[in-house]
Amino acid sequence: MSRALTIAALIAALAPAVQAEEFTWAETTDPQTMDPHAVNSAAVLGFLNNVYEGLVRRDKDMTIEPALATAWEPIGDGEGWRFTLREGVTFHDGSAFTAEDVLFSYQRASNEASDTRSWFAPVSEVVVVDDYTVDIMTSAPNPIFPGSIANWMIMDSGWAEANNATLPDKESGNYATLNTNGTGAFRVTAREPGLRTVLEPFDGWWGEVEHNITRAELTPIQNPATAVAALLSGDVDFINPVPIQDVARLQQDDDVEVIQGIEARVIMLGFPHEADALKFSSETTDTNPFADVRVRQAVAHAINVPAILQTIMRGNAEEVAQLVSPAMQGYSPALAARPAYDPDQARALLAEAGYPDGFSFGLKCPNDRYLNDESVCQAVTGMLAQVGLRATLDAMPVQNYWPELRADNYDMYLLGWSPGTFDAEHPIRFLAATPNEEKRLGSWNFGGYSNARVDELLPQIQSELDDATRQAMLDEVAMTLQDEMAYVPMYVQPLVWGTRSNISMTQRPDNFFILRWVTVN
Amino acid sequence: MLAYIIRRMGQSALVLLIVGLVAFSMFRFVGDPIDNMLGQERTAEDIERLREQLGLDQPFAVQYFRFLEGAVQGNFGVSYRQGRPVSEILLERAPATLELAAVSGILAIVFGIALGVFTAIRRNGFTANFIMSASLIGVSLPTFLIGILLIYIFSVELGWLPSFGRGETVDIGGWSTGFLTESGLKALILPAITLGLYQMTLIMRLVRSEMLEVLRQDYIRFARARGLKDRAINFRHALKNTMVPVITVIGLQLGAIIAFAIITETVFQWPGVGLLFINAIQFVDIPVMAAYLMLISVMFVGINLIVDILYFFIDPRLRVDRAGGH
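Residues numbered from 1 in each chain as written. Chains lettered and ligands numbered in written order. Predicted model: local features only at pLDDT ≥ 70, side-chain atom pairs only at ≥ 80, totals over all residues.

Asks: Explanation requested: the overall build of chain A in the structure shown.
Replies: Across its full length, chain A carries 16 helices and 19 strands. Expected size for 521 residues packed as a compact globule is a radius of gyration near 24 Å; at 25 Å, chain A falls within 12% of this value. Oriented by its inertia axes, the alpha-carbon framework of chain A measures out at about 80 × 60 × 40 Å. For chain A, with 521 residues in total, the buried portion stands at 49%. (Helix = DSSP H or I, 4+ residues; strand = E, 2+ residues; numbered from the N terminus. Rg over C-alpha atoms; globule rule 2.2 N^0.38 Å. Buried ≥ 20, exposed ≤ 12 C-beta atoms within 10 Å, placed from the backbone.)

Below, the structure written as structure tokens:
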């Protein structure tokens, strides 16, 4: 019996694969769950965007377009949004998609057990009007709401209940951690965590098929050198990311193509606004020079961002002067210029602030979170030293880094921020608003930057329906943050993908890999 | 004798407990798992809630005690990263590591002994000297580099063998094997060579020096005088007598092969327990790290215990000493 099984398995395994457009790809991290509401991370949401769908989705250029909803309009004076749902959509198991599933997915995704709960902070109630109409009521007018739920994925209520997965279980997992039932263009046919995840096209998908893939497989490869070798040898068709130092070499290979773009992530330096004194200085132990705006401006003038981009990023990144990149909604084009690289001016500003000889301090930096983060910090340390700001660099793995920042163990730190909503309001809420646990504001504002005008404008920005008025307020906040040099934004991180040259695909700035835009030639 | 074995087992258990204690006292330095588990939009309140839920707010001694409490009941907890029982994940990953270790072990033993005998017999030949010099590479180059080198030669340049992974596997009663498919066998070659190269050169050099020693003995000379064939002398008489120390070393290296698999598995993205451990460190997945470290120490302690007990049988002096003799 077992021999027969073995032989059968052997034959099955050795049989030539059906001629098909198979596609394999490798990413550094495996999506840690298949549950779209359990973990709010790019690895999970990016992957599940191929399997589950939201009411709306993002197009190739990040604009919002209809998905499971065909239309939406504000209710009254901004009491909420009415979504008209697409008819005739089925989940992968064949059950029909209706308004009940939207309500269920709202309850599931906004539950305390869910990591996506913060998306629904503005929502007061979800009302099912009929099978294909849903009203999402908000406690205040919310113009950007449809754009903020592009990653809110709809799950089948019947499937979740039948499999005891009505709530996500992050700690011990449940049926939805390993299994999926979405409405998306692909369904998961095999899932072995950390090893491979297999996708096959869903025949009953409502949309128009652009890809020609019959089977796709994701394998996580942690070691960048192995991933590059796998791409070069043709074992995989696509890798994300390509290490910056390998870009030039891959470009010379005819069988391989490098796709480059700008990610949404802005890399910046942060300061301890609230601290009474420096913690890591050898001589300046009783005051906090960074509380003086002139010192922060001196830092901005002392850093030669173009040089960093040229040498460390090998010309693959763009400098930026705001907390968001130019590709984001609500960016302020008038405030695009970074403070010029000018060491003399930096020294003058320091002297004016009372530190003609500079001072020493501690710079904290992650070494495995952002592209070449430690090298960037080393360069920053060298540039600051030229104007008398003597930084002691302490670089560490990211798991050790966040606890240090939360414990205020820094005099200056490096931070990257990618706005989940692709709107300029996002970094204001998380990085610039005065920290307020109750209102869930400023949760990443480690330095405790606080400006009454910014705090006053934020709720108005969140509820303003008129685009021009809203943009004016965003411009004012951006201007304030620049004038006060709350952070020193440096550059937008590059996005580097590598593919075999017979593959064509679209790179989206949020670093989501969308399988339905892939063609194998 | 029973008392001796019981005492040794008691000592082994103590070693295990201490290894666990040291491991748990170190986990805090690996980092904080909370940030990996919560998304960008988490609040301080979420962090505290999860920390409490996982028991990370407790001192490490308490965490360790809780782990032991579960471990003696066969429950190693739930992986922070995968949200599945650790024992289930370890069982799933073990076949990959064990198959790789077995193949590299066999490669190391077969080629190590064969080459060792060859270089001992043709001690002044060109080939033997070449092999001896080349074996220095195996001893001195780090595994990581050898792996990358092999990938570049055989996967990228020549395109003969896959650059990563295990190929297709066949599942037989919960044991996923790569031995039954062509791609599975192909995928085994490079990692097995990478992992086994160090052990192979070690065994080869050991066999060679033991062989040279034995070949100088009188009984070999007499065997030659008797007119026995070279082959019979070398393999029946000489080799047999070199095997005692070789087998001891092979036994001890068995554990090392499984433990060293971490590096090879990372280079080749080989889905075994070593790769699992590396991922667990990156994610600060404490239950997985704890279970893996305990598993490896159980293995080492177990091997040492067996070796100790074997010594007791083999070496009569040990018994006399214990009895309080001279």
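Asks: Please clarify how the overall build of chain B should be interpreted in this entry.
Replies: When helices and strands are tallied, chain B shows 13 helices and 2 strands. Summarising its shape, the C-alpha atoms of chain B cover approximately 85 × 65 × 35 Å along the three principal directions. Excluding contacts between residues fewer than 6 apart, the proportion of contacts in chain B whose partners are at least 24 apart in sequence is 69%. (Contact = placed C-beta atoms within 7 Å.)

Asks: Could you clarify how one ought to interpret the pairing of strand S12 (residues 256-270) of chain A in this entry?
Replies: Each regular strand carries side chains that alternate between the two faces of the sheet. All names here are of chain A. Summarising the sheet, S12 and strand S17 (residues 487-500) pair through 12 bridges and their orientation is antiparallel. Bridge pairing in S17 places Leu-269 opposite Val-488. In the sheet, S12 pairs with strand S16 (residues 412-417) via 5 bridges, with the strands oriented antiparallel. Counted as the bridge partner of Gly-270 is Tyr-413 from S16. (Pairing = 2+ DSSP bridges.)

Asks: Please clarify how the packing of helix H5 (residues 86-121) of chain B against helix H8 (residues 182-215) of chain B should be interpreted in this entry.
Replies: Between two packed helices, the angle of one axis relative to the other and the distance separating the axes together describe the packing. All names here are of chain B. Following both chains from N to C, one finds H5 and H8 inclined at 35 degrees, their axes separated by 6 Å at the closest point. Once H5 is placed against H8, the crossing between them reads as right-handed. Its residues assigned to classes, the contact of H5 with H8 comprises 23 nonpolar, 7 polar and 1 charged. (Axes fitted to C-alpha atoms, helices over the stretch in contact; angles between N-to-C directions. Left-handed = near helix turned anticlockwise from the far one by under 90°. Nonpolar A, V, L, I, M, F, W, Y, C, P; charged D, E, K, R; others polar.)

Asks: What is the right way to look at the interface of chain A and chain B in this model?
Replies: The figure often quoted for interface size is the accessible area lost as the parts come together. Across the boundary between the two partners, chain A contributes 41 residues, which contact 44 residues of chain B. Counting only elements with at least two residues in the side of chain A that touches chain B, the list comes to helix H1 (2-14), helix H7 (224-232) and helix H13 (398-406) of chain A. Here the side of chain A that touches chain B is built from residues that sort into 15 nonpolar, 19 polar and 7 charged.

Asks: Which parts of the structure should I look at to understand the confidence of the model for chain A?
Replies: Low pLDDT marks stretches whose predicted atomic positions should not be read closely. Model confidence for chain A is summarised by a mean pLDDT of 90, while 96% of its residues fall at 70 or above. Taken together, the stretch residues 10-19 of chain A has pLDDT below 50 and engages in 8 contacts with residues farther than four places along the chain or on a different chain. (pLDDT = per-residue confidence, 0-100.)

Asks: Can you help me understand the sheet that holds strand S5 (residues 80-85) of chain A in this one?
Replies: Two strands in a sheet stick together by hydrogen bonds in their backbones, pointing the same way (parallel) or opposite ways (antiparallel). All names here are of chain A. The strand order across the open sheet built from 4 strands is S4-S5-S7-S6, with neighbouring strands paired in antiparallel fashion. Each edge of the sheet is formed by a strand with only one pairing partner; in this case those strands are strand S4 (69-75) and strand S6 (123-130). When the angles between neighbouring strand axes are averaged without regard to direction, this sheet yields 20 degrees. With 6 bridges connecting them, S6 and strand S7 (residues 133-138) associate as antiparallel partners.

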